[in-house]
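Per-entry structural report
Here are the chains, one letter per residue:
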Amino acid sequence: MTSLGDQRELINNIPAAAIGPVTAETCRQNNLEPDIIAETFTIAGLTDAIQRYYKE
């Protein structure tokens, strides 16, 4: 996220998705809290988690 520099605020309102806990932790280490974390660590699991997020 350091590559965004002073444009970081551009993504503040965009939900972040992680394919699993390792990716979620990497997001956090870069000051980005994931809104969506897949329970099954696959592309299908990630798309399911994104769909559930937007259905709520």
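One structure accompanies this document, and this report is about it. (Residues numbered from 1 in each chain as written. Predicted model: local features only at pLDDT ≥ 70, side-chain atom pairs only at ≥ 80, totals over all residues. Heavy atoms only, no water.)

1. Here's the deal with the packing of aromatic side chains
Our working rule: The aromatic pairing rule takes the rings of Phe, Tyr and Trp, using the six-membered ring of Trp, and pairs them if the centres are within 6.5 Å, calling planes under 30 degrees apart stacked, those over 60 edge-to-face and the rest tilted. Summary of the burial criterion: residues with accessible area below 20% of their type's maximum are buried, those above 50% are exposed, and those between are partly exposed, where the area comes from a 1.4 Å probe applied to protein chains only.
Considering all chains together, one arrives at one aromatic pair under this definition. Each ring, one from Y53 and one from Y54, has its centre 5.0 Å from the other, and the planes form 85°; the classification is edge-to-face. For Y54, a relative accessible area of 54% translates into the label exposed.

2. Overview of unusual backbone geometry
Only a minority of non-glycine residues have a phi that is not negative, and only a minority of peptide bonds are not trans. Inclusion rule: Helix and strand assignments come from DSSP, with helices taken as H or I runs of at least 4 residues and strands as E runs of at least 2, each series counted from the N terminus.
Unlike most non-glycine residues, N31 shows phi in positive territory, near 60°. Tracing the chain through its elements places N31 in the loop between α1 (21-29) and β2 (36-37).

3. Thoughts on the environment of A49
Put simply, the rule is: Residue contacts are defined here by distance: any two heavy atoms, one from each residue, within 4.5 Å place the two residues in contact.
Its location among the elements puts A49 in helix α2 (residues 43-55). Taking relative accessible area as the criterion, A49 reaches 5% and is therefore assigned buried. A49 has contacts with I36, I37 and A38, leaving out every residue within four places of it along the chain.

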